[in-house]
Amino acid sequence: MWDDAFPSFLIGLREGLEGGLIVSILVATLVRAGAKSRLPQVWTGVLAAIAVAMSFGAVLTFTAASLSATAQEAFGGTLSVIAVAFVTAMVFWMRRSARSLSGEIKEKVTGALAMGSGMLIVTSFLAVGREGLETALFLWTTARAAGESVGPMIGAGIGLVIAAGLCWGLYRRVLKINLTKFFTATGAVLIVIAAGVLGYGLRDLQEGGVLPGKAVFAFDLGQSIDPNAWYTTLVQGVFNLMPAMTWLQVLGYAAYLVIVMTLFVRGIRATAKPAPAQRVAEDKADKPAAVDAATVKASETAEAVEEKVVVEKDGAVAEASAEGPADGTDAPEPETEPESKPASEPASESGSEPGSEPASPADAEPVAAPTGGGRKRPAWLLPVAVVAVPAVVAAGIVAFGKSKPAGAPTIAVSEKECGKGFTPPKPGRQTFQMQNTGDKTSEVYLVDPATNAVYGEIEGLAPGTTRDLVATIAGGSYAWRCVPTGGKPVTSAAVRVSGGGGTKAVIPVSEEDLAGPLRAYKRYVDQGLATLTGQTQKLSDDLAGGDLDSARTDWLTAHRTYSSLGAAYGTFEDFDKKINGRVDGLPGGVHDKDFAGFHRIEYGLWHGASADELSGPAQQLHDDVVGLRKAFPTQDFDPGDLPLRTHEILENTLQFELTGDTDQGSGSNLATADANLTGTRELLDVLRPLIAKREPQLLTSIESDIARMQKLLDDAHHDGTWTPVEKLDATARQRLNGITGQLLEHLAPVPDLLEIRKSA
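My aim in this report is to walk through the structure given alongside it, one point at a time. Nothing here was measured: the structure is a model prediction, and the numbers come from that model.

Cut-offs applied
- Residues numbered from 1 in each chain as written.
- Predicted model: local features only at pLDDT ≥ 70, side-chain atom pairs only at ≥ 80, totals over all residues.
- Heavy atoms only, no water.
- Pairing = 2+ DSSP bridges.
- Helix = DSSP H or I, 4+ residues; strand = E, 2+ residues; numbered from the N terminus.
- Axes fitted to C-alpha atoms, helices over the stretch in contact; angles between N-to-C directions.
- Disulfide = S-S within 2.5 Å.
- Phe/Tyr/Trp six-rings, centres within 6.5 Å; stacked < 30°, edge-to-face > 60°.
- Buried < 20%, exposed > 50% of the residue type's maximum accessible area, 1.4 Å probe, protein only.
- Lys NZ or Arg CZ within 6 Å of the ring centre and 35° of its normal.
- Patch = residues over 30% accessible without salt bridge, like charges linked within 9 Å, V, L, I, M, F, W, Y side chains within 5 Å.
- Areas by Shrake-Rupley, 256 points an atom, 1.4 Å probe, with all protein chains shown as cover.
- Salt bridge = Lys/Arg side-chain N within 4 Å of Asp/Glu carboxyl O.
- Lys, Arg positive; Asp, Glu negative; His and termini not counted.
- Charge placed at Lys NZ, Arg CZ, Asp CG, Glu CD.
- Parallel < 35°, antiparallel > 145°, perpendicular 65-115°, else oblique.
- Contact = heavy atoms within 4.5 Å.
- Nonpolar A, V, L, I, M, F, W, Y, C, P; charged D, E, K, R; others polar.
- Polar contact = N/O pair within 3.5 Å; in protein donor to acceptor, adjacent residues only side chain to side chain.
- Left-handed = near helix turned anticlockwise from the far one by under 90°.
- Core = buried A, V, L, I, M, F, W, Y, C linked by side-chain atoms within 4.5 Å.

1. Comments concerning the sheet that holds strand S6 (residues 428-436)
So, point 1. Taken in spatial order, the three strands of this open sheet run S5-S6-S9, and their pairing is mixed. A strand with exactly one partner marks an edge of an open sheet, and here the two such strands are strand S5 (410-413) and strand S9 (466-473). Averaged over neighbouring strand pairs, the angle between their axes works out to 35° when direction is ignored.
So, point 2. Inspection of the sheet shows S6 paired to S9 by eight bridges, in the antiparallel sense. Note that in S9 the partner of glutamine 430 across the bridge is alanine 471.

Written as structure tokens, this is what we have:
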């Protein structure tokens, strides 16, 4: 989480400091003009800018969530590229405009004062709003790249809090910061981070089908480094560099970094060495005191309490004096200033407004409240309105985005009217209102009638109800297939759509498709149970003969055989608890009378039990295995369990074996994990033709992960002895957990990919 927080922390710190400095200059300029009564209007504009930025982030999040997976990739990739462009422009703009920023803002505020309160709100809103929108966009893209929002939001929050503290310190003259060095250093780091975001965005655009080269990798270090190691996670979180990157990602990353960083460094050198004529001009402008051009002055009165913003840039100091009576109430400036001024008082930036010159009467006098018979508007009304309006607009976008789109067609779902109301849709993302007009609960699918490929589906649509079905339409043939409960599938007339890009469909799987893999796997299990019967008999004989050493060896052999039949756990019914039950939940723990099977014998063999004590449990284990072998051919084996077990076997491995939770003294959890991996591999072999037809690249990733996991397990097996989980060094254990987790991620789509669909 913390590695993902750093880029957002830097954005929050830098953008927060920029925005804070702008607000400080706005406030100091008003105080100088004797218009402290106008400060609420500045804060109103600032609050409006913050509200718009937060609402913008909410709209981005909702928009992405409402898109299809492919469209999300394209949307996220596009915004990542836009965010990089904004950040790059921000870095160069701040380097170029920092010196004149105060003068520019002061000039705008002075003009806004003359034009009324509304213009002052707009000025402060625009001054801060850009920073807010840039921050929201870049934080959204970094959170999406990180795959989670907690770390980036914490990092951004910490950065903004620190920035607020720095701005307060600067305004109160508590501290000094060389902002030129600060923005230079953070700018260089931001360029490196932006290069990573660009690479991530290009990958998203490839995944979304916008850019080519999705499968053309420049390198793949997946088998050389642990993707879940702390150093890998740190590099991914901060720099967005992945173990596998395409050529387009690498070229985009390198080109951006080289070009932008070169221009940035050249700009720094040019700024550090101004031309002679420029230095002479600056020397003249700085007299009679060596101060920066961004100086904002306030007239001093006897009752005033002086507040100063001190900003050190390139060794110079910029001051903004803010004044007010000691009791905190507003007081207008006197009509004239004392004639005597300290000789060291700086001139204003423009030169047309000397520090000793009094403020104009229009600026010096507080703005009077309007008179007349009308009711006075509450002071809180405008700030509440400017904050509430963006939030309401964003909420409206989210709320109405979920409602029925204008013109969304209503399609009938029933045995007699399947597809009624369906006309050729336009290419792109479409929403269909599916209404069950029949008297049976139904499933409905949007299909290609020629291939049965499924583009969208709704299950369990009750009579009289209506639900949305969202699908991405491209060029091709489309029809509706309605499958009422207990009835036969009905397919509507097909329509043809022209134009549009490509769209991804799921090739449905029927029970018949899984019948062959199921028969093959049942043969594998039956053979495994036959082998297990002989092995448990040998274990029982060892203990009957008092040979504890042989019993330990034969126990591990038999337990590995049983553990390799993991996909059948769901069909073994009560036999699994008898044969391989855990101690969890038993009132007496390892001494409970119901503790039986492999783990009961394991505990005794490695905790000093005699052969006589274990002979009974060993014989009972053998009898249970024999009973299972006889019952298995008649047990119900749901074909839908096959795809599900591809994921569940290793999920149990990660939960129980790799934590050492099931170890009763043998230290053989990794041997069991190895057997689980064998069972997973066997299951994938029988399902391979179905997966390869639908997601061939998924199989490649799965096989690569299995090979890496197998190698790590082999490294823990020496001369017939397995290293206990708790004795693995931290790096080896982390790698094993990491690759198991990655393999589970790649196995997760298999159950949905091979789900039995009635549309087939």
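Picking up where we left off.
2. Structural notes on the state of the cysteines
So, point 1. In total, this model carries one disulfide according to the counting rule given.
So, point 2. A sulfur-sulfur distance of 2.1 Å marks the disulfide that ties cysteine 418 to cysteine 482. Between cysteine 418 and cysteine 482, the S-S dihedral sits near 85°, and the bridge is therefore right-handed. Placement of the pair is cysteine 418 in the loop between S5 and S6 and cysteine 482 in strand S10 (residues 476-484), with a sequence separation of 64 residues.

3. Examining the packing of aromatic side chains
So, point 1. All told, the structure shown has 12 aromatic pairs when counted by the stated rule.
So, point 2. Relative to tyrosine 524, the ring of tyrosine 521 lies with its centre 5.4 Å away and its plane at 40°, an arrangement referred to as tilted. Highlighted residues: tyrosine 521 and tyrosine 524, both in helix H12 (residues 511-544), separated by three residues, approximately one helical turn. The same class applies to tyrosine 521 and to tyrosine 524, which are both buried.
So, point 3. A ring pair is formed by phenylalanine 572 and phenylalanine 632, whose centres lie 6.1 Å apart and whose planes are at 75°; its orientation type is edge-to-face. With a gap of 60 residues between them, phenylalanine 572 in the loop between helix H13 (548-563) and helix H14 (575-580) and phenylalanine 632 in the loop between helix H16 (611-631) and helix H17 (641-657) connect regions that are remote in the sequence. Each member of the pair, phenylalanine 572 as well as phenylalanine 632, is classed as buried.
So, point 4. Here a set of aromatic residues connected by ring pairs shows up, and it is made of Trp555, Tyr562, Phe572, Phe598, Trp606 and Phe632.
So, point 5. Note that lysine 578 overlies the ring of phenylalanine 575, its terminal NZ or CZ placed 5.5 Å from the centroid.
So, point 6. Over the aromatic face of phenylalanine 656 sits the side chain of arginine 582, whose NZ or CZ is 3.9 Å from the ring centroid.

4. Some thoughts on a negative patch on the surface
So, point 1. Together, Glu511, Glu573, Asp574, Asp636 and Asp638 line one region of the surface with negative charge.
So, point 2. One can find aspartate 574 in the loop between H13 and H14.
So, point 3. On the basis of relative accessibility, which here comes to 61%, the residue aspartate 574 falls in the exposed class.

5. Quick notes on the packing of H17 against helix H18 (residues 669-694)
Axes are the key here: two packed helices are described by the angle between their axes and the distance separating the axes.
So, point 1. Packing of H17 against H18 leaves a shortest axis separation of 9 Å and a crossing angle of 170°. Judged by the inter-axis angle, H17 sits roughly antiparallel to H18. Contacts between H17 and H18 involve Leu642, Pro643, Arg645, Thr646, Ile649, Leu650, Thr653, Phe656 and Glu657 on the former and, on the latter, Asn669, Thr672, Ala673, Asn676, Leu677, Gly679, Thr680, Leu683, Leu684 and Leu687.
So, point 2. Classifying every residue of the contact of H17 with H18 by side-chain character gives 10 nonpolar, seven polar and two charged.

6. Some details on the side chain of asparagine 436
So, point 1. Locating asparagine 436 in the fold gives a position in strand S6.
So, point 2. Engagement of the side chain of asparagine 436 in a polar contact is seen with the backbone oxygen of leucine 461, the distance being 2.7 Å.
So, point 3. Of note is the side chain of asparagine 436, whose polar atom sits 3.5 Å from the backbone oxygen of alanine 462.
So, point 4. Not counting chain neighbours up to four residues away, the residues in contact with asparagine 436 comprise Val413, Thr441, Ser442, Leu461, Ala462, Pro463, Gly464 and Thr465.

7. Here we look at the packing of H12 against helix H15 (residues 598-605)
So, point 1. Two numbers describe how H12 lies on H15: the axes approach to 13 Å, and their chain directions differ by 30°. As for the relative orientation of H12 and H15, their crossing is left-handed in sense. Contacts between H12 and H15 involve Leu532, Thr536, Leu539 and Leu543 on the former and, on the latter, Phe598, Ile601 and Leu605.
So, point 2. Broken down by class, the residue content of the contact of H12 with H15 amounts to six nonpolar, one polar and no charged.

8. Focus: the nonpolar core
So, point 1. Ranked by internal contacts, the top residues of the largest apolar core, which has 64 residues, are Leu543, Leu670 and Leu687.
So, point 2. A per-element tally of this core places H18 first, with 10 residues.
So, point 3. Residues within four places of leucine 687 in sequence aside, it is in contact with Leu514, Pro517, Leu642, Pro643, Thr646 and Leu754.
So, point 4. One finds Leu10, Val91, Tyr253 and Tyr256 within the second-largest nonpolar core, a separate group that totals 28 residues.

9. Notes on unusual backbone geometry
So, point 1. Within the chain, asparagine 452 stands out as a residue other than glycine whose phi angle is a positive 70°.
So, point 2. The phi dihedral of aspartate 719 falls on the positive side, at around 55°, and the residue is not glycine.
So, point 3. Position of aspartate 719 relative to the elements: it lies in the loop between strand S13 (717-718) and strand S14 (721-722).

10. Structural notes on H15
So, point 1. Counting buried positions over the eight residues of H15 gives seven, a clear majority of the element.
So, point 2. Along H15, the residues classified as buried are Phe598, His599, Ile601, Glu602, Tyr603, Gly604 and Leu605.
So, point 3. Those residues of H15 hidden inside the fold are in contact with H12, H13, H14 and H16.

11. A short note on the environment of leucine 79
So, point 1. Here leucine 79 shows up in helix H3 (residues 69-115).
So, point 2. Assessed through its relative accessible area of 11%, leucine 79 is described here as buried.
So, point 3. Along the backbone, leucine 79 and threonine 141 are 62 residues apart, and their C-alpha atoms lie at a distance of 7.0 Å.
So, point 4. Here leucine 79 is in contact with Leu60, Leu137, Trp140 and Thr141, once residues within four sequence places are set aside.

12. A look at the pattern of salt bridges
So, point 1. By the definition in use, this model includes 16 salt bridges.
So, point 2. As a salt-bridge pair, aspartate 641 and arginine 645 come within 3.8 Å of each other at their nearest N and O atoms. Here aspartate 641 and its partner arginine 645 are both found in helix H17, four residues apart, which amounts to about one turn of the helix.
So, point 3. What makes arginine 645 buried here is its relative accessible area of 10%.
So, point 4. With a closest N to O distance of 3.7 Å, arginine 757 and glutamate 755 form a salt bridge.
So, point 5. Connected via shared salt-bridge partners are Glu457, Asp752, Glu755 and Arg757.

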